[in-house]
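Fold and geometry: a report
What follows is each chain in one-letter form.
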Amino acid sequence: MSLPPPTAVLEGGRKAAIQSRRKNLTFDKVSFMAVFLGIPLAIYLVFVIWPFLQAFVYSLTDWSGFSPNYKFVGLDNYARIFTDDQFLKALSNNVILLIVVPLVTVVLSLVLATLVTVGGSSKGQVKGLRNSSFYRVVSFFPYTIPAVAIGIMWGQIYDPSGGLLNGALNALGLNFKDYAWLGNTNTAMWCSIFVIIWGFVGFYMVLFIAGIKGIPAELFEAARIDGAGRFRTAVSVTIPMIRDNIQTAYVYLGIFALDAFVYMASLFPNAGGPENSTLVMSQQLFFTAFQRGQFGMATAMGVILALATLLFSGLVFLVNKLTGGSEGGRL
Amino acid sequence: MNVQQSFARRGFLRGALATAVLAPMGGALASCASGGGTTAGPTGTVSDTNPFGVPDNSTVDAVIFKGGYGIDYVDFAGSIFNKNHQGSTAKINPSTAISTELQPRFAGGNPPDLVDNSGAQSIGISTILDQLEDLQPVVDAKNLEGTPIKDTLYEGVLAPGTFNGKLVAINYVLTLFGVWYSASLFEANGWTPPKTWDEAYELGEKAKAKGKYLFLWGKEAASYYLELALSSAIKEGGDEVRVALENLKEDSWKHPALTKVFEALDKHVKAGHFKPGGSGTAFTAAQAQWSNGQEALLYPSGSWIENEMKDQTKADFKMTGAPVPTPSSSPKMPYEALHSGGGEPFIVPSQAKNKAGGKEILRIMLSKDAAANFAKTKLAPTVVKDTVPADGFGSTALVSQTKMLDAAGKNVFNWQFLDLYGMNKDVLVVWNAFLDGKSNAANLANDMQKMSDKIRNDSSIKKVEIK
């Protein structure tokens, strides 16, 4: 029995296949490529890539936004932005959001997801807490409310004189009369972060539940037989198995934390909170563009925001890879 | 198999990407978002009944801010336009976000023929100054009754729309600023609105004795106290205070008159005359605490306050306005002097297709029928005189406005720099901290001065000299 080495056969076959494909550029294939590749690509280029390039060009100009005329000023806008204490303040606020919001949201929603899927009785089938489907629905509620409504609603809850929070605290005998939660630099940012997390936890919980449901139940059972407790199961089985979901959630939440416009703008209309303690870059961008009429400067801020987002996503991927996650992950 | 195939696909993608990137580059880079040049547009014959030459069978495209006043008052003028100009139609479109909605149209060179540039998202006027029509011909023209419009207007109402000597905006609604109070509450307690800051302090102490505050504020409206301070200081120190501030002069915020006012306010803050927690309260909620809860005696605001709080004002409140107090009893301007601004600034863009139509609608609005209709339906005076009857349609606030205006006579003033340079956002931050007691008079002046200096020293911001 002397067979040719298997690879050689494959090589030859592959070449032939490619050649025959090249020869047969039938109408069928061309139209298929045009419709499923050409059109989406063209749309992507015209509506995504092209505006990006335009934005970059505008960031090099002194365009006011309202006139067709502008002149190029080189990197002036960027130099100005990085010496502007307000933008830097906004940037640092975004960094705080970037560190806190994804971390807390992911941990919290992971805990909740674990509880409602595998955190139940340790006897019999692996299952969640009793009434877990009820908790699942309830915790998803906040996500169904539009962000603006959430901002307005929490603005009322935090109200110093008539708000629910101070009312509850006073009823408990604590003296919080007229304490302005959103009016003090110590509390404004943390109160806003709480609102944001409150709005997002339910959604990411559902995301993680879907991930956990995809893990074969045998794995959990095996871990249990080996004597792993609930916490150990979560750390050693659940998290490694839904690593990609966590990475996705982290990137999305990070992108959101770099924006955060809607929440901040509805909690603090027309301004950046007490001593700008909740001012975010996107708000500063909006003010610069539409109130000051400096679109050139505003687009430069937009470019910086985009770069920061890319940098953050890259960082998350890198960390995941370095800590042994699957290559590239999926988004 | 796998590797080779994916390479072939990538090659195709790369090629497609390259061509797609290169193709639009050449032509589009030059054009960007910029639009065409000036459009002259067709013109009709100019006559006494058609002073701007509205062409026959034309349409007028008006975009009107839909806020507290709605847009029906412009619809009213539009229907007169349709009647007077057979075949022509006025299209009145509402908008709640003038700036974001019209930015592409201005940039693209096809703005509407008439814009009510108002609301929180109005276009910063300095960015479009050189793209606006001179509206002097409108006020020079005769109204529908045959009287030149400029003779029918209140004193000083054109100043807020005049920049670099050019009238680019006509503020349709007359807004005057003062401190507002409940006449019935004051009468019951024998109080009178304070004329000096010393009197205000005494009143604050009396309020305290009754378990009330003198003032309160809301986070988005902390700037109303800046308005109060500026009015007071300008009355105290005369017009020089205003001119220095308007032109962002060095140390303009350290003027003795302003220092005195800031110190007086600081004294109120430290004495607990302000209801605490304003920096975390929505301004509408705060205002209701004044008009409905009567937790505070005075509220500084513009004359829109009655309309704004209509549904949340206590029965028999009898809202009444008074001029703001001054530091001394002998200010340079009389106590009756008023900050009279304008609301709803109407502009006609130079690039508009039917500029004549836009101006014609403005002319109709400034004529008797439309102005009287506005006063009657909105309970607010327009810049046109004599449209409010003596009983003010039963509104005490409206009656007091007319009284204040008559008493002020020519002593009205107005400032533009806050809007002109988009300072509101920064003002709110500084004033919330001050009213909260986290700052003091000296810091307040420093913060405001810094804000002004920053704009003055920023060469990318176009300055407008104001007289």
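As the structure is a computational prediction, the values presented were derived from the model and not from experiment.

Definitions and limits used
Residues numbered from 1 in each chain as written. Chains lettered and ligands numbered in written order. Predicted model: local features only at pLDDT ≥ 70, side-chain atom pairs only at ≥ 80, totals over all residues. Heavy atoms only, no water. Helix = DSSP H or I, 4+ residues; strand = E, 2+ residues; numbered from the N terminus. Buried < 20%, exposed > 50% of the residue type's maximum accessible area, 1.4 Å probe, protein only. Contact = heavy atoms within 4.5 Å. Buried area = accessible area lost by both parts, 1.4 Å probe. Salt bridge = Lys/Arg side-chain N within 4 Å of Asp/Glu carboxyl O. Nonpolar A, V, L, I, M, F, W, Y, C, P; charged D, E, K, R; others polar. Domains from an automatic or database assignment. Polar contact = N/O pair within 3.5 Å; in protein donor to acceptor, adjacent residues only side chain to side chain. Phe/Tyr/Trp six-rings, centres within 6.5 Å; stacked < 30°, edge-to-face > 60°. Lys NZ or Arg CZ within 6 Å of the ring centre and 35° of its normal. 1 Å grid on protein atoms, 1.4 Å probe; cavity = no way out; pocket = protein on both sides within 12 Å on 5 of 7 lines; lining within 4 Å. Points joined across faces, edges and corners; volume = space filled by probe spheres on them. Axes fitted to C-alpha atoms, helices over the stretch in contact; angles between N-to-C directions. Parallel < 35°, antiparallel > 145°, perpendicular 65-115°, else oblique. Left-handed = near helix turned anticlockwise from the far one by under 90°.

Here we take up unusual backbone geometry. The phi angle at A:A260 is positive, at roughly 55°, despite the residue not being glycine. Relative to the elements of secondary structure, A:A260 occurs in the loop between α11 (243-259) and α12 (261-267). Residue class for A:A260 comes out buried when judged on its relative accessible area of 0%. The phi angle at B:D386 is positive, at roughly 55°, despite the residue not being glycine.

Here we come to the interface of chain B and chain A. By convention, interface size is frequently given as the accessible area that disappears when the constituent parts associate. Listed as interface residues are 55 residues of chain B and, on the opposing side, 49 residues of chain A. Carbon and sulfur atoms make up 58% of the surface buried where chain B meets chain A, a total of about 4400 Å² over both sides. The residue B:K454 makes a salt bridge to A:D84 at a minimum N-O spacing of 2.8 Å. Of all the secondary structure elements, the ones that give two or more residues to the side of chain B that touches chain A are α1 (2-31), α3 (98-107), α4 (125-128), α11 (283-291) and α17 (424-435) of chain B. It is α1(B) that provides the largest number of residues to the side of chain B that touches chain A, a total of 11 residues. Considering only residue class, the side of chain B that touches chain A consists of 25 nonpolar, 21 polar and 9 charged.

Moving on, we come to the domain arrangement of chain B. Residues and elements named next belong to chain B. Taken domain by domain, chain B consists of domain 1 (59-172 + 343-387) and domain 2 (176-340 + 414-456). Of note, the centres of domain 1 and domain 2, computed from C-alpha atoms alone, are 30 Å apart. Taken together, the contact between domain 1 and domain 2 spans 11 residues of the former and 6 residues of the latter. Carbon and sulfur atoms make up 48% of the surface buried where domain 1 meets domain 2, a total of about 710 Å² over both sides. The interface formed by domain 1 and domain 2 includes 0 salt bridges. Applying the counting criterion to the domain 1 and domain 2 interface returns 4 residue pairs in polar contact (both at pLDDT 80 or more). When its residues are assigned to classes, the side of domain 1 that touches domain 2 shows 6 nonpolar, 4 polar and 1 charged.

As far as domains go, chain A holds domain 1 (6-58) and domain 2 (79-322). Centre-to-centre separation of domain 1 of chain A and domain 2 of chain A, based on C-alpha positions: 39 Å.

The next point concerns the packing of aromatic side chains. For the coordinates displayed, the defined rule picks out 47 aromatic pairs over all chains. With a centroid separation of 5.5 Å and an interplanar angle of 80°, the aromatic rings of B:Y172 and B:F374 are classed as edge-to-face. Of this pair, B:Y172 sits in strand β6 (residues 170-182) while B:F374 sits in helix α14 (residues 368-378), and the two are 202 residues apart along the sequence. For B:Y172, a relative accessible area of 1% translates into the label buried. What links up through ring pairs into an aromatic cluster is the set A:Y58, A:W63, A:F66, A:Y70, A:F72, A:F261, A:F286, A:F290, A:F295 and B:F106. The cationic tip of B:K267 hangs over the ring face of B:Y201; the distance from NZ or CZ to the ring centre is 4.3 Å.

Turning our attention to the layout of surface pockets. Space left empty within the atom packing is revealed by a probe, the size of a water molecule, rolled over the atoms. What the second largest pocket holds in volume is close to 900 Å³. Looking at the second largest pocket, it is lined by 30 residues, and the ones nearest its centre are A:D84, A:D85, A:Q86, B:D426 and B:K454. Among the elements of the structure, α3 (76-81), α4 (85-117), α13 (281-291) and α14 (295-322) of chain A together with α17 and α18 (441-456) of chain B are those that each provide at least two residues to the lining of the second largest pocket. At 6 residues, α18(B) tops the list of elements feeding residues into the lining of the second largest pocket. Within the lining of the second largest pocket, the residues separate by chemical class into 9 nonpolar, 9 polar and 12 charged.

Within the secondary structure layout, A:F286 lies in helix α13. In this structure, the C-alpha to C-alpha distance between A:F286 and A:T299, residues 13 residues apart in sequence, is 9.8 Å. Ignoring any residue separated from it by four or fewer positions in sequence, one finds A:F286 in contact with A:F261, A:Q291, B:T100 and B:Q121.

The subject of this paragraph is the packing of helix α5 (residues 132-144) of chain A against helix α8 (residues 185-213) of chain A. Residue and element names in this part refer to chain A. Axis separation between α5 and α8 bottoms out at 6 Å; the angle between their running directions is 135°. Overall, the two elements α5 and α8 adopt an arrangement that is oblique. The way α5 lies across α8 gives a crossing that is left-handed. The segment α5 lies against α8, with Y135, R136, S139, F140, P142 and Y143 engaging W198, G199, F200, G202, F203, M205, V206, I209 and K213. Considering only residue class, the contact of α5 with α8 consists of 10 nonpolar, 3 polar and 2 charged.

Next up on the list: the pattern of salt bridges. Using the criterion set out here, one finds 25 salt bridges over all chains in the structure. Residue B:E133 is joined to B:K355 by a salt bridge in which the shortest nitrogen-to-oxygen separation is 3.7 Å. In this pair, B:E133 is assigned in the loop between α4 and α5 (136-140) and B:K355 in helix α13 (residues 355-365), connecting sequence segments 222 residues apart. The partner of B:D453 in a salt bridge is B:R456, with the nearest N and O atoms 3.0 Å apart. Of this pair, B:D453 and B:R456 both sit in helix α18, 3 residues apart, which is roughly one turn of that helix. The network of salt bridges with shared partners includes A:K177, A:D178, B:K275 and B:E295.

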